[in-house]
Amino acid sequence: MKFTKTLVGALLTSAALTGAAWAECEVTLKSSDTHPDTYPTVLAVKSMGDALKAETDGRICVEIFASAQLGEEKDTIEQTQFGVIDLNRVSLGPFNNIVTETQVPSLPYIFRSVEHMHHVMDGPIGQEILDAFAGADLVGLAFYDGGSRSFYNSEHPINSMADMAGMKFRVMQSDMFVDMVSALGANATPMPYGEVYSSIQTGVIDGAENNWPSYDTSGHFEVAKYYTLDQHLIVPEVLVMSKISWDKLTPEDQALVKQAAKDSVPVMRGLWEAQEKLSEDKIRAAGVEIVTDIDKTPFIEAMAPVYEKYVTDDKLKSMVERIQATE
Ligand code: GTR
């Protein structure tokens, strides 16, 4: 590019303005995400930051650290509990061992569809789960979409549960997901997202499971070319705030943060729908072998022991029943 005087001038002015704008922020909330800059979750938090900044005349800003710059999800959750990170956008999976209530919407096949998940998470059950984060020194702000997760691997197409026998799949760091994979006759290795690509490439694991956008943007489809749409999980994602950071805000500012987070949800859902299509097209064009007509019934039936082990107390049992009764 040829740098004309005008262009250089414009760049300098915009740099100065950006600097000035950040300098005005009285509160800068540091926000973490494992995904790259253009991923729907990152863009949704960005829209929340823009709204907050506008609402507060530039007093409250959000600075996003995408692409796991602040660490893998399990570690960033701890940093958020300690107030080192202010905001964190994470799947509910890595919360399963910390906030028991998050196990319920993470149960395999608990939701009949994404619409069913929205009805539940937008209502009183969703609110109960958001409130439960208080027990882990966190404030649950909003749920985002994570589509449905399915298995992919580098070995062969999976047409039935029998094809999974003895295979090794990476799962998120949640005991429940380890048991889920065992119940399907395969072996599970919990590991951070950032280690999955090389682990498949080097044969440490045979595959993993995720939604279209993550399978795409992580590049996993390049090393695991068989994807079976068994859709075992429709696990929502969540935006949480550190209780320590929250307590530093005035009640008025807390209300603004809560509202901005809520308002980012429809933004996220629109971006998600578009991204799912883009990723699916890209993956199909890349020649991935996709099994769509899998019979899910044996998969659903195999999950009984997982429900038995994890849905133990009355509170969780009632939550499961209420979800099943939700339209
Ligand atoms: C993605 C999710 C991430 C992370 C990742 C994983 O779908 O958006 O938050 O949980 O999956 O499998 O670790």
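Because the structure is a prediction, the values reported are computed rather than measured.

Cut-offs and rules
- Residues numbered from 1 in each chain as written.
- Predicted model: local features only at pLDDT ≥ 70, side-chain atom pairs only at ≥ 80, totals over all residues.
- Heavy atoms only, no water.
- Helix = DSSP H or I, 4+ residues; strand = E, 2+ residues; numbered from the N terminus.
- Phe/Tyr/Trp six-rings, centres within 6.5 Å; stacked < 30°, edge-to-face > 60°.
- Buried < 20%, exposed > 50% of the residue type's maximum accessible area, 1.4 Å probe, protein only.
- Lys NZ or Arg CZ within 6 Å of the ring centre and 35° of its normal.
- Core = buried A, V, L, I, M, F, W, Y, C linked by side-chain atoms within 4.5 Å.
- Domains from an automatic or database assignment.
- Contact = heavy atoms within 4.5 Å.
- Buried area = accessible area lost by both parts, 1.4 Å probe.
- Salt bridge = Lys/Arg side-chain N within 4 Å of Asp/Glu carboxyl O.
- Nonpolar A, V, L, I, M, F, W, Y, C, P; charged D, E, K, R; others polar.
- Near = heavy atom within 4 Å.
- Polar contact = N/O pair within 3.5 Å; in protein donor to acceptor, adjacent residues only side chain to side chain.
- Areas by Shrake-Rupley, 256 points an atom, 1.4 Å probe, with all protein chains shown as cover.
- 1 Å grid on protein atoms, 1.4 Å probe; cavity = no way out; pocket = protein on both sides within 12 Å on 5 of 7 lines; lining within 4 Å.
- Sits in = over half its atoms within 2 Å of the grid points.
- Pairing = 2+ DSSP bridges.
- Right-handed = clockwise from strand over helix to strand, strands pointing away.
- Points joined across faces, edges and corners; volume = space filled by probe spheres on them.

## Examining the environment of Tyr-226
- Position of Tyr-226 among the secondary structure elements: in strand β9 (residues 226–233).
- For the pair formed by Tyr-226 and Pro-192, sequence separation is 34 residues and the distance between their alpha carbons is 21 Å.

## Considering the packing of aromatic side chains
- In this structure the tally under the stated criterion is eight aromatic pairs.
- Between Phe-95 and Phe-133, the ring centres sit 4.9 Å apart and the planes meet at 85°, which makes this aromatic pair edge-to-face. Residue Phe-95 is located in the loop between β3 (87–91) and α4 (114–121), and its partner Phe-133 is located in the loop between α5 (124–132) and β4 (138–144); the two are separated by 38 residues in the primary sequence. Accessibility assignment for this pair places Phe-95 and Phe-133 in one class, buried.
- Through a chain of ring-to-ring contacts, the aromatic side chains of Tyr-152, Trp-212, Tyr-215, Phe-221 and Tyr-227 assemble into a single cluster.
- Its end group placed over the ring of Phe-65, Lys-30 keeps NZ or CZ at 5.7 Å from the ring centre.

## Digging into the nonpolar core
- Phe-95 and Phe-133 are the most contacted members of the largest nonpolar core, which totals 53 residues.
- Here this core gathers at least three residues from each of two domains, domain 1 (5–146 + 236–279) and domain 2 (149–233 + 288–325).
- If we skip the residues at most four places from it in the chain, Phe-133 touches Leu-92, Phe-95, Val-99, Thr-102, Leu-138, Val-139, Gly-140, Val-238 and Val-240.
- Within the second largest apolar cluster, 25 residues are counted, among which are Leu-29, Met-48, Trp-246 and Leu-249.

## Here's the deal with the domain arrangement of the protein chain
- The domains assigned to the protein chain are domain 1 (5–146 + 236–279) and domain 2 (149–233 + 288–325).
- Taking only C-alpha atoms into account, the centre of domain 1 sits 25 Å from that of domain 2.
- Between domain 1 and domain 2 lies a buried interface of about 3000 Å² when both sides are counted; carbon and sulfur atoms form 64% of it.
- Interface area lost by domain 1 to domain 2 is led by Leu-107, Pro-108 and Tyr-109, which between them contribute 23%.
- At the junction of domain 1 and domain 2, the tally comes to two salt bridges.
- Where Arg-322 meets Glu-128, a salt bridge forms, and the shortest distance between an N and an O atom there is 2.9 Å.
- The set of elements that each furnish at least two residues to the side of domain 1 that touches domain 2 consists of α4, α5 and α11 (251–285).
- For the side of domain 1 that touches domain 2, the element with the most residues is α11, which contributes four residues.
- For the side of domain 1 that touches domain 2, a count of residues per class yields 13 nonpolar, 13 polar and six charged.

## Looking at the site of the ligand
- What surrounds the ligand is a group of 13 residues, the closest being His-35, Glu-73, Arg-170, Asn-210 and Glu-237.
- Interatomic distance of 2.7 Å between a side-chain N/O atom of His-35 and an oxygen atom of the ligand.
- One of the backbone N or O atoms of Ser-91 is found 3.4 Å from an oxygen atom in the ligand.
- Look at the ligand: alone it shows 320 Å² of surface, and the protein chains cover 99% of it.
- The pocket occupied by the ligand, as judged from atoms lying within 2 Å of grid points, is the largest cavity.
- Classifying every residue of the shell around the ligand by side-chain character gives two nonpolar, six polar and five charged.

## As for the pairing of strand β7 (residues 187–190)
- Here strand β6 (residues 168–171) pairs with β7 via four bridges, running parallel. Each residue of the ladder has a partner; that of Phe-169, found in β7, is Ala-188.
- Crossover β6 to β7 through helix α6 (residues 175–183) is right-handed.

## Section: empty space enclosed by the protein
- In the structure shown here, the tally under the stated rule is one cavity of 30 Å³ or more.
- In this model, the largest cavity occupies a volume close to 170 Å³.
- For the largest cavity, the lining is made up of 17 residues, of which Glu-73, Ser-91, Arg-170, Met-172 and Tyr-193 are closest to its centre.
- Sorting the residues of the lining of the largest cavity by element identifies α3 (73–81) and β3 as the ones contributing at least two each.
- Partitioned by chemical class, the residues of the lining of the largest cavity number four nonpolar, six polar and seven charged.
- Split by domain, the lining of the largest cavity shows at least three residues from each of two domains, domain 1 (5–146 + 236–279) and domain 2 (149–233 + 288–325).

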